[in-house]
Amino acid sequence: MLSMRSAPAGVGLDSNAKRQNSMKVLVTVKRVLDYNVKVRVKADRSDVDLANVKMALNPFCEIAVEEAVRLKEAGVATEVIVVSIGPKAVQEQIRTALALGADRGIHIETENSPESLSVAKLLAKIVADEQPGLVILGKQAIDSDNNQTGPMLAALTGLSQGTFASEVKIEGDEALVTREVDGGLQTLGLKLPAIVTTDLRLNEPRYASLPNIMKAKKKPMEVKTPADLGVELRAHTELLGVEPPAERKGGIKVSSVAELVEKLKNEAKVI
Amino acid sequence: MSEAVNAAERESMEFDVVIVGAGPAGLSAAIRLMQQAQDAERELTVCVVEKGSEVGAHILSGAVIEPRALVELFPDWKERGAPLTTAVTEDQIYLLGDATSARRIPNALVPKTMHNHGNYVASLGNLCRWLAEQAEALGVEVFPGFAASEVLYHADGSVKGIATGDMGIGHDGQPKDSYTPGMELHAKVTLFTEGCRGHLGKQLIEKFALDKDADPQHYGLGIKELWDIDPAKHQPGLVLHGSGWPLTGKGQEGTSGGFFLYHADNHQVVVGLIVDLNYSNPWLSPFDEFQRMKHHPLFAQYLEGGKRVSYGARAITKGGFNSLPKMTMPGALLLGCDAGTLNFSKIKGTHTAMKSGLVAAESVFKALGENDSVGQDISAYTDAFKASWLYDELYRSRNFGPALHKFGTLMGGAFNFIDQNLCGGKLPVTLHDTRADYAQLTPAAQSPKIDYPKPDGKLSFDKLTSVFLSNTNHEEDQPSHLQLKDASIPIGTNLPTWAEPAQRFCPAGVYEVVEEASGPRFQINAQNCVHCKTCDIKDPSQNITWVVPEGGGGPTYPNM
Amino acid sequence: MATLIIAEHDNSILKPATLNTVAAAVAIGGDVALLVVGEGCQAVADQAAQVAGVSKVLLADNAAYGHQLAENVAPLVAELAKTAGFDYVLAPATTTGKNLLPRVAALLDVGQLSDIVSVESADTFKRPIYAGNAIATVKSLDAIKVITVRGTAFDPVAAEGGSASIEAVTAVHDAALSRFVGEEVAKSDRPELTAARVIISGGRGMGNGENFALLEKVADKLGAAVGASRAAVDAGFVPNDMQVGQTGKIVAPELYIAVGISGAIQHLAGMKDSKVIVAINKDEEAPIFQVADYGLVADLFDAVPELEAKL
Ligand SMILES: Cc1cc2nc3c(=O)[nH]c(=O)nc-3n(C[C@H](O)[C@H](O)[C@H](O)COP(=O)(O)OP(=O)(O)OC[C@H]3O[C@@H](n4cnc5c(N)ncnc54)[C@H](O)[C@@H]3O)c2cc1C
Ligand SMILES: Cc1cc2nc3c(=O)[nH]c(=O)nc-3n(C[C@H](O)[C@H](O)[C@H](O)COP(=O)(O)OP(=O)(O)OC[C@H]3O[C@@H](n4cnc5c(N)ncnc54)[C@H](O)[C@@H]3O)c2cc1C
Ligand SMILES: Cc1cc2nc3c(=O)[nH]c(=O)nc-3n(C[C@H](O)[C@H](O)[C@H](O)COP(=O)(O)OP(=O)(O)OC[C@H]3O[C@@H](n4cnc5c(N)ncnc54)[C@H](O)[C@@H]3O)c2cc1C
Ligand code: SF4
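Nothing here was measured: the structure is a model prediction, and the numbers come from that model.

### Things to note about the overall build of chain B
Here's step 1: When helices and strands are counted, chain B shows 16 helices and 24 strands.
Here's step 2: Whereas a compact globule of 560 residues would reach a radius of gyration of roughly 24 Å, chain B reaches 23 Å, a difference of no more than 12%.
Here's step 3: Seen through its C-alpha atoms, chain B measures out along the principal axes to roughly 60 × 60 × 45 Å.
Here's step 4: By residue count, 66% of the 560 residues in chain B fall in the buried class.
Here's step 5: A separation of at least 24 residues holds for 79% of the contacts in chain B among residues at least 6 apart in sequence.
Here's step 6: Total accessible area on chain B stands at roughly 19600 Å², and carbon and sulfur atoms take up 51% of it.
Here's step 7: Chain B carries 47 positive and 65 negative side-chain charges, and their two centres are separated by 8 Å.

Structure (structure tokens):
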């Protein structure tokens, strides 16, 4: 079979980590509009048009899967479980994650993609059932751009949180998470189990290989409903409409550099 | 990365049948193979590789689809929910005189093949998405995001299968961190269904001299847009075809092609122009012809106030019967538009591509049942093909030209014009058209320049804004998939002789001649490429070779 | 109606993003209270009390809040929101606000509206989705509305002129779930592209890589980052990580100066959300002028050195 790439530095294994040798990692994956596809608002402005457009794994979730798989390859994690919440179609993204190296999938079937708090409530139940040592989520989904689910899950489970991670190291019963914060990097020590959300620079996800895609089809996938988990979903927001962003209009032409500098100083006040 | 290194590292997988390309031809073949296997309770492994990031991502067609082959594949296609929902309600055919005038050809005089009663306006991409679902449900392995980059051969020269391209090679040819070597997919029989100007199909035609008894193949470039229009102007099922202006302008004599505008569902219309690639004026720009065409009142009446949703382009194989190569070879078959099964008298290649897949699947299944050795030539296909309605249809369209000529005497010059331009009067009977399309260009100095109007941003647009709507992308750090046999030709030969026509025939702005202090430089923006294959066809020096980029790259067409 | 805003600060200085958030609260209406939570942050509270439109400053000064760990701060905010009867909890949509507020929302069992760009009514807001390629109008159905605010969408209120009272909050929450290990403050003479307040980018018109020195001189004067178009990168003028656009970096500085860039849509996709766009191009029909607030039709080799001289 294909040779696996050796785990890169970020997930350095220290001797203490061996103690975590029964650690499961739970990864969440969301099905979103493909990064390369331009989103279009429906003519009636009720929502965006997703009919027949390519959907994909949320890029931040892909990074989350990669990180979990690397932890497993490094011997830190024993099992990587992926969860997705949404209609049947999200199983495609679970399969993608399985092809990237996750071990089994859980699909929580809902009619559409629920709001972040509902997602967090469902995930909290899975965390209670599975008792993972680490939960890795994307920092945000590139469709709704909410940037919420990770911290919400941390609140509901009462666990520590490390958002915007660019490096994750497991040391003993602590996760050392380097976070990309405004103006620099911050490192926190999180008591395990912990909730981590990924930023872009955490790793570069691998490509799924053909044999792994085929194997993924045979990996176990459980399907549950919110009712199975005893969670009742409630709406917290209502979408009233969606519009395209205002088009930028051209301004004025200036006749000289002097005029330009004057305008930037006194009119736009940006220099 | 040298091939030797590749071969050493590559893993392989074995299948009974490997199919290259998830278009209508490949998917129909896959489905029929599995249907037969189920009926016969025989184990069969079939896999389809597709270079698009998903099935349908690279499919661009009209399309008015004739359901004949679909009915054969799934008699209950309607119940199964095939996305053919908008029946054609009305056919209109026009001859455009100039930028403002149009003449409608009375229905009675429209040749029968141009009637679309019983056909559907649909997105072929969506039909393929649906076909892929059906195929997977039958047990076919469909692998989007994997491009077949190489044909593999047995020692005896028969086809052994294909190799998928390596992933994660940098522009310098060196493996990157994400490097994943390609896979070898070995099969008893490999079906090549890459569509028009398949990159591997081209190699096979040459290697096995499949076209030695055929006329040179001919091509057109189809450029298409999808528009949301004012619901008040929308007439689902209305189908417009025609020809004439703008391809008939001064200095463009001999340029032919035809347009289409179909009213689909959802208050959308598709509008497109197919420019025959045997045009001679190197200043011609199919893209700009199409953009200015939309200002004609015939199109503007629908498009004004609307919003363009998508853009794309794809070449079309239109040589028909006379150009059809031999379709079998040891270990492999060449099917659909990869061979050239399109019926240009109808401008339809979907049902014919599907039928070629169906017939092939039956021949292959039977042959493998009798003898499951690798590398055999399924020559029974040729007889089955000849006995099918597909052959009959293609054969008959051979006479389409002369028939039109007869109509022409009735209708006068106008009809002759349609014969020439729209219905491909040159096509099925261009017995003397033995000059390949790339050899048709006259030198730039002897050709009148064409002055295209500036796009207005409402009905017409520039190339880059258009490519934006095709959702095209390629990983930037990879070797260019547009290869020059000789890097000096664009500036050394093509520029002085033909003013480097690639700048104009490429509908995605891939090729640029950049003026620099040190002189002109040929720039290839491979990232923009929408995989239409025109450069591979039309480059007058036949110096550009289109090869597959990293799998998943290219357009991401929705609903095209 | 009352709004609680989490002040953005580093224990000594109140960050300007707070002022934009106050502006959003003013647009909502009602009383505005600022919560300063940290350690040794009295000075911040004093600054906060000056902010126009703020009626009250709550100061939670404790070692447990020193690094504003979400595990410790969130329960405090949730408790305040519930017991002090706030209808809104707002924070700037900075990494601090984005880290903290969802945790607060979940503790309150309410949803959160992220990154709002306008206030339509007391319960309805606009927010960008799909990386700003669509704007959603969303109504909150919750009793307490938890919201992060995109700073650039609201003009800041005045930092001075207010006279709020300062009240100490004594509740201490120490979850002991996480600890601060260290930080590394980005330091460089030239800011990173995605974080820069001003960006000057060059295109194919620059002619060669050496000419980018012209832009660097301007950048030095403005504290700007230097970017490029794909054509400039492909021609080998500058490295790939300087590319702005669809397949490069997406930036939204206060000032973006495009020099010798035609303005293809793929480039615009990376910078169209900049507050002010300046274009310098010798072709007066270049599409960049259709989006530029200030356009200068000139040869860049004359205009850029002159610009540098006049700054
Ligand atoms: C304007 C607006 C209106 C909406 N209206 C409605 C509505 O009317 N009805 C409704 O039901 N929903 C509605 N939603 C919800 C929306 O469709 C999202 O599913 C929801 O906001 C989830 O947030 P997110 O994915 O952006 O979360 P984020 O917090 O940005 O996601 C972070 C991470 O959480 C994980 N995650 C998130 N969702 C899932 C999931 N489904 N499965 C697995 N992992 C997941 C992923 O790892 C993801 O990377 C609306 C959203 C918006 C923005
Ligand atoms: C503008 C335009 C309008 C048209 N209008 C109509 C119409 O109205 N009605 C009609 O019936 N027909 C129409 N056609 C023709 C019709 O689209 C084609 O005849 C038909 O698509 C051919 O099917 P195919 O399966 O042979 O190839 P294609 O549909 O081209 O499919 C080939 C597939 O193979 C994939 N592929 C190619 N090479 C590789 C590789 N090396 N590795 C992996 N995958 C690969 C491609 O990405 C693609 O998905 C039109 C064509 C055009 C361009
Ligand atoms: C899939 C895809 C992704 C892409 N991603 C990106 C991306 O991320 N970023 C990006 O930038 N592009 C991207 N592009 C490319 C984009 O379409 C344009 O080709 C590119 O932006 C053009 O760069 P330019 O403006 O520098 O060059 P040009 O279009 O050649 O423009 C040069 C300009 O310089 C002006 N000029 C020349 N000399 C002078 C002078 N002496 N003084 C003043 N002005 C002068 C000219 O008038 C002209 O307007 C992408 C394209 C595709 C298809
Ligand atoms: S580079 Fe060739 S194949 Fe690609 S879009 Fe241009 S003409 Fe078509």
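After presenting the structure, the write-up continues.
### Some points on the interface of chain C and chain B
Reports often express the size of an interface as the amount of accessible area lost when the parts come together.
Here's step 1: Opposite the 13 residues of chain C that make contact, chain B presents 15 residues.
Here's step 2: Together, Arg204(C), Arg230(C) and Ile265(C) form the three largest contributors to the area buried by chain C at its contact with chain B, with a combined 43%.
Here's step 3: Inspection of the chain C/chain B interface yields two salt bridges.
Here's step 4: The salt bridge involving Lys454(B) is made with Glu285(C); its shortest N-O contact spans 3.4 Å.
Here's step 5: Counting across the interface, chain C meets chain B through six residue pairs in polar contact (both at pLDDT 80 or more).
Here's step 6: Broken down by secondary-structure element, the contributors of at least two residues to the side of chain C that touches chain B are α6 (230-234) and α7 (265-268) of chain C.
Here's step 7: Looking at the side of chain C that touches chain B, its residues break down into four nonpolar, five polar and four charged.

### Comments concerning the site of ligand 4
Here's step 1: Taken together, 14 residues lie near ligand 4, and Cys506(B), Cys529(B), Cys532(B), Lys533(B) and Cys535(B) sit nearest.
Here's step 2: Looking at the shell around ligand 4 residue by residue, the classes come out as 11 nonpolar, two polar and one charged.

### What to know about the site of ligand 2
All names here are of chain B.
Here's step 1: For ligand 2, the set of nearby residues contains 37 residues, the closest of which are Ala 25, Glu 50, Ser 61, Val 64 and Cys 337.
Here's step 2: At 2.7 Å from a nitrogen atom of ligand 2 is found a main-chain nitrogen or oxygen belonging to Val 64.
Here's step 3: In this structure, Arg 314 approaches ligand 2 through a side-chain N or O atom, which is 3.2 Å from an oxygen atom.
Here's step 4: Coverage of ligand 2 by the protein amounts to 97% of the 990 Å² it exposes when considered alone.
Here's step 5: Grouping the constituent residues of the shell around ligand 2 by class yields 21 nonpolar, 11 polar and five charged.

### Things to note about the interface of chain A and chain C
Here's step 1: On the side of chain C, 75 residues touch chain A, which itself brings 75 residues to the contact.
Here's step 2: Summed over both sides, the interface of chain A with chain C buries roughly 6000 Å², with 55% coming from carbon and sulfur.
Here's step 3: The largest per-residue losses of area from chain A upon contact with chain C belong to Arg248(A), Val257(A) and Val270(A), which jointly make up 12% of the total buried on that side.
Here's step 4: There are five salt bridges connecting chain A and chain C.
Here's step 5: Arg248(A) is paired through a salt bridge with Asp293(C); the nearest N and O atoms lie 2.7 Å apart.
Here's step 6: If you look at where chain A meets chain C, you find 44 residue pairs in polar contact (both at pLDDT 80 or more).
Here's step 7: Taken together, the elements giving at least two residues each to the side of chain A that touches chain C come down to α3 (116-130), α4 (149-157), β7 (160-171), β8 (174-181), β9 (184-191), β12 (237-243), β13 (252-254) and α6 (257-267) of chain A.
Here's step 8: Residues of the side of chain A that touches chain C, tallied by class, amount to 36 nonpolar, 20 polar and 19 charged.
Here's step 9: Here seven bridges tie β9(A) to strand β11 (residues 178-185) of chain C, and the two strands are oriented antiparallel to one another. Paired with Leu190(A) across the two strands is Ser178(C), which belongs to β11(C).

### Looking at α4(A)
All names here are of chain A.
Here's step 1: Across the nine residues that make up α4, a large majority, seven, are buried.
Here's step 2: What α4 keeps buried is the set Thr 149, Gly 150, Pro 151, Met 152, Leu 153, Ala 154 and Ala 155.
Here's step 3: Downstream of α4 by a residue or two, Gly 158 has a phi angle that is positive, lying close to 70°.

### What about the pairing of strand β16 (residues 257-263) of chain B?
Residue and element names in this part refer to chain B.
Here's step 1: Burial analysis of β16 places seven of its seven residues in the buried class, the great majority of the element.
Here's step 2: Burial of the side chains of β16 extends over both faces: Gly 257, Phe 259, Leu 261 and His 263 are buried on one face and Gly 258, Phe 260 and Tyr 262 on the other.
Here's step 3: Across four bridges, the pairing between strand β15 (residues 238-244) and β16 is antiparallel. When the bridges of β16 are listed, Leu 240 appears paired with Leu 261.
Here's step 4: Summarising the sheet, β16 and strand β17 (residues 268-276) pair through seven bridges and their orientation is antiparallel. Within β17, the residue paired with Phe 260 across the bridge is Gly 272.

### What to know about the confidence of the model for chain A
Here's step 1: Looking at chain A as a whole, the pLDDT averages 91, with 92% of positions reaching at least 70.
Here's step 2: Confidence over residues 1-20 of chain A falls short of pLDDT 50; this stretch has 46 contacts with residues more than four positions distant or in other chains.

### A few points about the packing of aromatic side chains
Geometrically, a pair of aromatic rings is defined through the distance of the ring centres and the angle of the planes.
All names here are of chain B.
Here's step 1: A complete count under the given rule lists 14 aromatic pairs over all chains for this structure.
Here's step 2: For the pair Phe 74 and Trp 130, a centre-to-centre distance of 5.6 Å together with 75° between the ring planes defines the contact as edge-to-face. Of the two residues, Phe 74 is situated in the loop between α3 (68-73) and β4 (86-87) and Trp 130 in helix α4 (residues 124-137); the sequence distance between them amounts to 56 residues.
Here's step 3: Taking the relative accessible area as the measure of exposure, Phe 74 reaches 3% and is therefore buried.

### What to know about the environment of Glu243(A)
Here's step 1: Counting through the fold element by element, Glu243(A) comes out in strand β12.
Here's step 2: With 61 residues separating them along the chain, Glu243(A) and Asp182(A) place their C-alpha atoms 30 Å apart.
Here's step 3: Not counting chain neighbours up to four residues away, the residues in contact with Glu243(A) comprise Val41(A), Arg45(A), Lys126(C), Ala134(C), Ile135(C) and Thr137(C).
Here's step 4: A distance of 2.8 Å separates the side chain of Glu243(A) from the side chain of Lys126(C), its partner in a polar contact.

### Remarks on the nonpolar core
Here's step 1: In terms of nonpolar packing, the biggest core is built from 125 residues, with Leu134(A), Leu131(B), Leu185(B) and Phe192(B) touching the most fellow members.
Here's step 2: Ranked by the residues each element gives to this core, the list is headed by helix α8 (residues 350-370) of chain B, at nine residues.
Here's step 3: Those residues in contact with Leu131(B) that lie beyond four places of it in its chain are Pro24(B), Leu27(B), Ile31(B), Leu70(B), Leu73(B), Phe74(B) and Met354(B).
Here's step 4: Val64(B), Val309(B), Phe522(B) and Cys532(B) belong to the second largest nonpolar core, which has 80 residues in total.

### Some details on helix α2 (residues 91-99) of chain A
Here's step 1: Turning to α2(A), its buried residues are Gln91(A), Gln93(A), Ile94(A), Ala97(A), Leu98(A) and Ala99(A).
Here's step 2: A positive phi of about 130° marks Gly101(A), the residue just after α2(A).

### Remarks on the pairing of strand β9 (residues 148-153) of chain B
All names here are of chain B.
Here's step 1: Sheet topology note: the β9/strand β10 (residues 159-164) ladder contains five bridges and is antiparallel. Following the sheet pairing, Val 151 is matched in β10 by Ile 162.
Here's step 2: In this antiparallel pair of consecutive strands, β9 and β10, the connection spans five residues, and Gly 157 shows a positive phi of 90°.

Conventions and cut-offs
Residues numbered from 1 in each chain as written. Chains lettered and ligands numbered in written order. Predicted model: local features only at pLDDT ≥ 70, side-chain atom pairs only at ≥ 80, totals over all residues. Heavy atoms only, no water. Helix = DSSP H or I, 4+ residues; strand = E, 2+ residues; numbered from the N terminus. Rg over C-alpha atoms; globule rule 2.2 N^0.38 Å. Buried < 20%, exposed > 50% of the residue type's maximum accessible area, 1.4 Å probe, protein only. Contact = heavy atoms within 4.5 Å. Areas by Shrake-Rupley, 256 points an atom, 1.4 Å probe, with all protein chains shown as cover. Lys, Arg positive; Asp, Glu negative; His and termini not counted. Charge placed at Lys NZ, Arg CZ, Asp CG, Glu CD. Buried area = accessible area lost by both parts, 1.4 Å probe. Salt bridge = Lys/Arg side-chain N within 4 Å of Asp/Glu carboxyl O. Polar contact = N/O pair within 3.5 Å; in protein donor to acceptor, adjacent residues only side chain to side chain. Nonpolar A, V, L, I, M, F, W, Y, C, P; charged D, E, K, R; others polar. Near = heavy atom within 4 Å. Pairing = 2+ DSSP bridges. pLDDT = per-residue confidence, 0-100. Phe/Tyr/Trp six-rings, centres within 6.5 Å; stacked < 30°, edge-to-face > 60°. Core = buried A, V, L, I, M, F, W, Y, C linked by side-chain atoms within 4.5 Å.

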